[in-house]
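# A closer look at the structure
Read off the chains here:
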Amino acid sequence: MASAAIFSSLRRRRSPSLEAFLAPVDLTEVALVQTLAAVSSELTSCFANRVFFFQRRNSRSLIRKMEVFLVMLEYLRDSGSGSMPSLPSTAILCFKELYLLLYRSKILLDYCAQSSKLWLLLQNHSISGHFHDLNQEISTLLDVFPINDVGLSDDVREQVELLQKHSRKAKLYVDKSDENLRLRFFSFLNEFENGRIPNHVDLKLFFVERLEIRDAKSCRSEIEFLEEQIVNHEGDIEPTACVLNGFVAITRYCRFLLFGFEEDEVKLPFCNQKKPRKGLITREIAQTFISIPKDFCCPITLDLMTDPVIISTGQTYDRSSIVRWMEEGHCTCPKTGQMLIHTRLVPNRALKNLIMQWCTAHNVSYDPVETADGSAESFAEALPIKAATKANRATTTILVQHLANGSQGAQAIAAREIRLLAKTGKKNRAFIAEAGAIPHLRKLLSSLNPVAQENSVTAMLNLSIYDRNKSLIMDEDGCLGSIVEVLRLGLTTEARENAAATLFSLSAVHGYKKRIADEGGAIEALAGLLRVGTPRGKKDAVTALFNLSTHSENCARMIEAGAVTALVGALGNEGVAEEAAGALALIVRQPIGAEAVGKEEMAVTGLITMMRCGTARGKENAVAALLELCRSGGAAATERVLKAPALAGLLQTLLFTGTKRARRKAASLARVFQRCENASLHFGGLGVGYAFAGNSTTSNRDSRFANDVSVSMSISVQVL
């Protein structure tokens, strides 16, 4: 009875997710013992000679247990005792449990073998706990297993019984030397937190002698792994994201302090897409079995949301992710690109309830984070702490020194690291500029090294996102000209694209729009990129041109530089048509702009096509551009628009189905036609629609907004 009770408890612990693991292999129809023997053999051969830097004793102990199981399974297989009909039902059920334990053991051992040293050190207690949990489950399985009923030889039975005895006595083991190293790592964090920089000798002893991190490449791998854990961080996991930020900053500082600038690193390409890496072991196991519904995942991190909130655009994100996005200086919706009217976060309780129900049904751990007022204060752990700021400042000092006085290779590496530091947080962007990086980055813009040039212009882009840095960049002698030169003649496609994005970022300040437009070759290069660039390059170019077109004094310059022709051509490109129509709507407000657009053969046709097939915002911009073309272009332009085929039906559709702004513009354009001499001839079929518009509140509103020439746009700068 006691044995049955224990076995019942063992069965209850199996979650639905673990049941899913059994699905690919129907163990009731195949040779169960043969399958287990093969799995055990593969596992032991894979890890028997593996050297584990951390969790050495726990790993060896688990592998030895797997070796005993292998001896038993091979004996049953070779002796013929392992055929299904001769095995007791209890043994069969235990072997099915063993199948799961072997799989989980492989995941845990893989995790310890492949994770970074610093991460394993920080997770020392947690991972030791996972080993102990596996040992407890092995002990429970052996207590249930009918050793005397499966026909084992004396020596094999003796080994299994000895394993059973040891498993019962096993206790949680945390390696003392590993724990001392972990505490030492935290002591460095405390020193930075208190405003002191740790001793160079102590840092070298810890990283080089104790952890055997002996070159820049190894150190860089450690940094990348820790950064990946921050991205995938779960709120209830220790250490918190802010502490991890601190450790990343310390490790980056040591990477340059201890290993300097290795010239071969210059050849390494920069890539935003990191290789898939191991995450938390609990998540690693869970994700093996379960596919999370797409609607339950945060659009930023793609992880299951624990605290879904709605932002001003109506999109839902996990609170920690959107708070981090806003803290980095963004003021747009990550998914739609729309400007945020406000930064209030409204809890999406309906979605949270659905997520909780799904988690309960699938036995997935769910610990939602509650806040009293919906504020972001409880997510302060996602923000940099004082230690991270102090360490990053120390790193920046080293980097700027090498930007100023280092070899060409060292300068290229320093530019890349500044680019990375400037990716996140306005504090980083602020003190990088304060340290004097901008003048040295400006010099690298003219470098003949493609890597150095690309990283320097991208660092400039990331720094420019912080508003106070915009003036430092624009006031730096020759900096704007150098950025334009990269846009025109950059050595890589990405360098040219990022130069365009930098101009867009700088042109957010109204006073700089005229200066940028007047810089020789700037608009010509943007127009060229819009015509022949990559999809991302065209997006960078059209957003910059749109910003520049909002300054009335830039109209003549944009016509002269060929920007109007490029914008008209872009109306046929779905990816940039919306912004192109918005820019044209601004340009045609002026007579010379209307004249230039009117001369473009495909302008009216392109705008009509946008009214038919474009996005809601694209339709707004298209009808606004046609309206302004009629107002500013005179009778000839009005007649050309008037004769456009299918315009009548499109206007009627917009009057009833368009957005508020689109309806307003469509009504205004309809009345423009009514005042024309032959309007009734061409648009007689719209009489009812126009009468409706003319007698409605839409018409009254339009009279107040007759001079409304705003253009619906929402674009943001992407950090790279």
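Looking up the chain in an unreviewed UniProt entry gives the name RING-type E3 ubiquitin transferase, with the organism given as Hibiscus sabdariffa. Recorded under Pathway (unreviewed entry), the UniProt text for the chain is reproduced unchanged: "Protein modification; protein ubiquitination." The record held by UniProt for the chain lists under Catalytic activity (unreviewed entry) the comment "S-ubiquitinyl-[E2 ubiquitin-conjugating enzyme]-L-cysteine + [acceptor protein]-L-lysine = [E2 ubiquitin-conjugating enzyme]-L-cysteine + N(6)-ubiquitinyl-[acceptor protein]-L-lysine."

Turning to the overall build of the chain, a few remarks are in order. Summing up its helical and strand segments, the chain has 37 helices and three strands in all. Residue burial in the chain is summarised as follows: out of 720 residues, 54% are buried. In the chain, once contacts between residues fewer than 6 apart in sequence are set aside, the share between residues at least 24 apart is 74%. Of the roughly 31,800 Å² of accessible surface on the chain, 51% is carried by carbon and sulfur atoms.

Turning our eyes to something else, we now look at the sheet that holds strand β3 (residues 346-347). Two pairing modes exist for strands in a sheet, parallel and antiparallel, and in both the strands are linked by backbone hydrogen bonds. On the basis of which strands lie adjacent, the open sheet formed by three strands has the order β2-β1-β3 and antiparallel pairing. The strands lining the two open edges of the sheet, one partner per strand, are β2 (316-318) and β3. Direction of pairing for strand β1 (residues 308-310) relative to β3: antiparallel, over a ladder of two bridges. Looking at the pairing, valine 309 lines up with proline 347 of β3. In the packing of helix α14 (residues 319-327) onto the sheet, contacts are made with β1, β2 and β3, and the angle to β2 comes to roughly 95°.

Another aspect to go through is the nonpolar core. Residues Phe95 and Met611 are the most contacted members of the largest nonpolar core, which totals 189 residues. The contacts of methionine 611, once residues within four sequence positions are left out, are Lys619, Ala622, Val623, Leu626, Leu647, Leu650, Leu651 and Leu654. Counting 18 residues, the second largest nonpolar core, distinct from the first, contains Phe296, Leu345, Ile355 and Trp358.

Next up on the list: the environment of leucine 211. Tracing the backbone shows leucine 211 in the loop between α10 (200-210) and α11 (216-231). For the pair leucine 211 and leucine 121, spaced 90 residues apart in the sequence, the C-alpha separation amounts to 9.7 Å. In contact with leucine 211, other than residues within four places in its own chain, are Phe53, Phe54, Lys117, Leu118, Leu121, Leu181 and Phe206.

Positioned with a positive phi, glutamine 55 is a non-glycine residue whose angle comes to about 55°. Within the secondary structure, glutamine 55 is located in the loop between α3 (32-47) and α4 (56-79). One non-glycine residue with positive phi stands out, namely glutamate 212, at about 60°. Using a relative accessible area of 40% as the deciding quantity, one classes glutamate 212 as partly exposed.

Quick notes on the rules
- Residue positions are counted from 1 within each chain, in the order its sequence is given.
- The predicted origin of the model limits local features to residues at a pLDDT of at least 70 and limits the giving and counting of side-chain atom pairs to 80 or more, whereas totals for whole chains, interfaces and linings rest on all residues.
- Only hydrogens and water are set aside when side-chain values are computed; all heavy atoms of the structure are taken into account.
- UniProt positions are given in the numbering used here, feature names are shortened, and annotations may be inferred rather than shown by experiment.
- By definition, any uninterrupted DSSP run of H or I lasting at least four residues is a helix, any uninterrupted run of E lasting at least two residues is a strand, and each is numbered from the N terminus.
- The rule is simple: take the accessible area with a 1.4 Å probe, protein chains only, and divide by the maximum for that residue type; under 20% is buried, over 50% is exposed, in between is partly exposed.
- We call two residues in contact whenever any of their non-hydrogen atoms come within 4.5 Å of each other.
- With residues, only the protein chains shown are counted as cover, and all accessible areas are computed by Shrake-Rupley using a 1.4 Å probe.
- In this scheme, strands are said to pair when DSSP sees at least two bridges between them.
- Each axis is a line fitted through C-alpha atoms, and for a helix only the stretch in contact is used; angles between axes span 0 to 180 degrees, taken between their N-to-C directions.
- In this text, buried Ala, Val, Leu, Ile, Met, Phe, Trp, Tyr and Cys residues form a nonpolar core when linked through side-chain atoms within 4.5 Å.

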